[in-house]
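Geometric and topological summary
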Amino acid sequence: MDKAKLFHQFVRFTTSVHQMTNDMTKEIKIENITTVQYKILEFITVSQPVTLSEISECLHLSLPNSSRELKKLIENQLCEKIIDSNDRRKYDIRLTENGTELMNKVFQELESKFQDRINNLTEPELKEIEEAIQILQTKFLHR
């Protein structure tokens, strides 16, 4: 196995994933929500509860920028801080009911676009994609 070749395939694949994500989400406009705030909401949706550090690290934002954007999301009642009962200096971040409702609507739009992309695939092709995703999740992406 040529591991250098595999690495270059991986780079092409991840670039394609980022481009696909951008293409699918660029038309989603949420009133009073910036692109960065959307990315934070999306991260919280799939990973909650999360910490400010996790948001910052995953989205490549400085802690002050993450904190400022999170404050705006909290003011808009889309997410909330849950204080750790054992250590009041620590807190987790979760979506509020309003945030969950908003992201459910967004994910419905994304699912519709996803369905359009896979609409012409055969059952065996869909199965292949499912298996490929499972392999990537279990063998490579899972820590």
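Up top you'll find the structure we're talking about.
Described in the following lines is the structure provided in the data block. Throughout this document, residue positions are counted from 1 along each chain, in the order its sequence is written. Per-residue local features are limited, in this predicted model, to residues with pLDDT of at least 70; the limit for side-chain atom pairs, both in listing and counting, is 80 or more; totals at the level of whole chains, interfaces and linings are taken over all residues. In computing side-chain values, all of the structure's heavy atoms are included and hydrogens and water are not.

A look at a nonpolar patch on the surface
On the surface, Phe7, Phe10, Val11, Phe13, Val17, Leu136, Phe140 and Leu141 cluster together into a nonpolar patch covering about 690 Å² of accessible area. Helix and strand definitions here come from DSSP, where helices need a minimum of 4 consecutive H or I residues and strands a minimum of 2 consecutive E residues; each element is numbered from the N-terminal end. Only α1 (3-25) and α6 (123-141) provide two or more residues apiece to the nonpolar patch. In terms of residue count, the dominant contributor to the nonpolar patch is α1 (five residues). Any residue under 20% of the maximum accessible area for its type is buried, any over 50% is exposed, and the rest in between are partly exposed; the area is computed with a 1.4 Å probe on protein chains only. Residue Phe140 is classed as partly exposed on the basis of its relative accessible area, which comes to 48%. Within this analysis, patches are made of residues with over 30% relative accessible area and no salt bridge. Like charges are joined at 9 Å or less; nonpolar side chains (Val, Leu, Ile, Met, Phe, Trp, Tyr) at 5 Å or less. For every accessible area listed, the method is Shrake-Rupley and the probe measures 1.4 Å; residues are considered covered only by the protein chains on display. A pair is scored as a salt bridge if a Lys or Arg side-chain nitrogen falls within 4 Å of a carboxyl oxygen belonging to Asp or Glu.

Observations regarding helix α2 (residues 35-47)
Given a rise of 1.5 Å per residue, 13 residues ought to cover 18 Å, and the 18 Å separating the end C-alpha atoms of α2 matches this to within 8%. For α2, the complete set of buried residues consists of Gln37, Tyr38, Ile40, Leu41, Glu42, Phe43 and Ile44. In this fold, the buried residues of α2 make contact with α1, α3 (52-59), α4 (63-75), β1 (79-83), β2 (91-95) and α5 (97-118). Given the number of residues in a helix, its expected span is that number minus one, multiplied by 1.5 Å. Any pair of residues with heavy atoms lying within 4.5 Å of one another is described as a contacting pair.

Regarding the nonpolar core
Formed by 21 residues in total, the largest nonpolar core has its most connected members in Ile33, Tyr38, Leu41, Ile44, Ile55, Leu73 and Ile93. If you list the elements that add at least two residues to this core, you get α2, α3, α4, β2 and α5. Counting residues per element, this core draws most heavily on α2, at five residues. The contact partners of Ile44, leaving out residues within four places of it in the chain, are Val50, Ile55, Cys79, Ile93, Arg94 and Leu95. In plain words, nonpolar cores are sets of buried Ala, Val, Leu, Ile, Met, Phe, Trp, Tyr and Cys residues tied together by side-chain atoms within 4.5 Å.

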